[in-house]
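# A structural walkthrough
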Amino acid sequence: MPRVSEEYVKDKKRLVLDAAAACFAAKGFHAATVDDICRQAGLSKGAVYGYFGSKEDIIAALKVESVQRDAAVVRAAMQRREPDQAFEAMLDWVAGGTEMDERRLTDIQSWAVAMQNQRIGDAQKVESQLWIDALDLLVQESQKRGAITDNLDSTAVAQMLACVVYGAMAMKSWGADLNTRAVTAAARALLTGTASA
């Protein structure tokens, strides 16, 4: 058997993952089959199973990519000078363009799988903790600056903001329009006690 380069294997895995994301976004995890993924990728079943042992392995690989993608988004957002600008940048990514729509839909579907599958669930916990940790740093910085009262537990506030991020992802999946600037302003007003009745 001829040896193949690491680059070749990486490219073929990428092809399978891209095909799987398209199939999962169109049909859902449960309805999409390995045959669908093979057709979409233009590969045989044997080739696909040569790279991934099961559909679950494909879902897990997509979840790992999601964690890596989110980490890059969080790192970029954290470069903003102001905490509220960093939060707005995170929401802008969530509500942004269409290039990630298949990935977002696949990721959102993985939330349900995470409830029954330990491996996917563990990856989901890593992903959500990444958001919470970054948001916690933003809240602490805002508290130091006096923008958010320091009598609030920063981790609890970060968890609440993570719920906003995940809710925005879900809303985007069904096509809702999100005004990230207004959502950020509303969150700031609630946290600083400047929201009026």
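Everything quoted here is computed from the prediction, not taken from an experiment. (Residues numbered from 1 in each chain as written. Predicted model: local features only at pLDDT ≥ 70, side-chain atom pairs only at ≥ 80, totals over all residues. Heavy atoms only, no water.)

## Section: helix 1 (residues 6–27)
Under the convention used in this document: Numbering of helices and strands starts at the N terminus; helices are DSSP runs of H or I of at least 4 residues and strands are runs of E of at least 2. Each residue after the first adds 1.5 Å to the expected span of a helix. Residue exposure (1.4 Å probe, protein chains only): buried if accessible area is under 20% of the type maximum, exposed if over 50%, otherwise partly exposed. Residues count as neighbours in contact if any of their non-hydrogen atoms are within 4.5 Å of one another.
With 22 residues, helix 1 should reach 32 Å at 1.5 Å per residue; the first-to-last C-alpha distance of 31 Å fits that figure. The complete set of buried residues in helix 1 reads V16, L17, A19, A20, A21, A22, C23 and F24. Buried residues along helix 1 sit against helix 2 (34–41), helix 3 (45–51), helix 4 (55–77) and helix 6 (101–114). Backbone geometry just after helix 1 places G28 at a positive phi near 95°.

## Considerations on the packing of aromatic side chains
The condition is simple: A pair of Phe, Tyr and Trp rings is counted when the ring centres sit within 6.5 Å of each other, with Trp represented by its six-membered ring. The angle between the planes then sorts it: under 30 degrees is stacked, over 60 is edge-to-face, the rest tilted.
Scanning the model with the defined rule gives two aromatic pairs in all. Plain terms: the ring middles of F24 and F29 are 4.7 Å apart, the flat faces sit at 80° to each other, and that makes the pair edge-to-face. Taking 5.2 Å as the distance between ring centres and 65° as the angle between the ring planes, the aromatic pair formed by W111 and Y166 counts as edge-to-face. Here W111 is found in helix 6, whereas its partner Y166 is found in helix 8 (residues 154–173), with 55 residues between them in sequence.

## Thoughts on the confidence of the model for the chain
Let me state the cut-off plainly: As a per-residue measure, pLDDT reflects the predictor's confidence and takes values from 0 up to 100.
Per-residue confidence for the chain averages 86 on the pLDDT scale, and 93% of its residues sit at or above 70. No element of the chain has a lower mean pLDDT than helix 9 (residues 180–192), at 76, and none a higher one than helix 2, at 97.

## Side note on empty space enclosed by the protein
Applied cut-off: Both cavities and pockets are sets of points on a 1 Å grid over the protein atoms alone; in a cavity a 1.4 Å probe fits but cannot get out, in a pocket the set is open with protein on both sides within 12 Å along at least five of seven lines, and lining residues sit with an atom within 4 Å of a point. Grid points are joined across faces, edges and corners, and a volume is the space filled by probe spheres set on the points. Polarity classes work like this: nonpolar for Ala, Val, Leu, Ile, Met, Phe, Trp, Tyr, Cys and Pro, charged for Asp, Glu, Lys and Arg, and polar for all others, with Gly in that last group.
Tallied over the entire structure, the rule returns two cavities of 30 Å³ or more. By volume, the largest cavity is sized at about 60 Å³. What lines the largest cavity is F29, I59, L62, K63, S66, R69, R103, T106, D107 and S110. Residue assignment for the lining of the largest cavity shows that the elements contributing at least two residues are helix 4 and helix 6. Of the residues forming the lining of the largest cavity, the biggest block, five residues, is contributed by helix 4. Of the residues that constitute the lining of the largest cavity, the class distribution is three nonpolar, three polar and four charged. Approximately 40 Å³ is the volume found for the second largest cavity. Forming the boundary of the second largest cavity are R69, D70, W93, R104, D107, I108 and M169.

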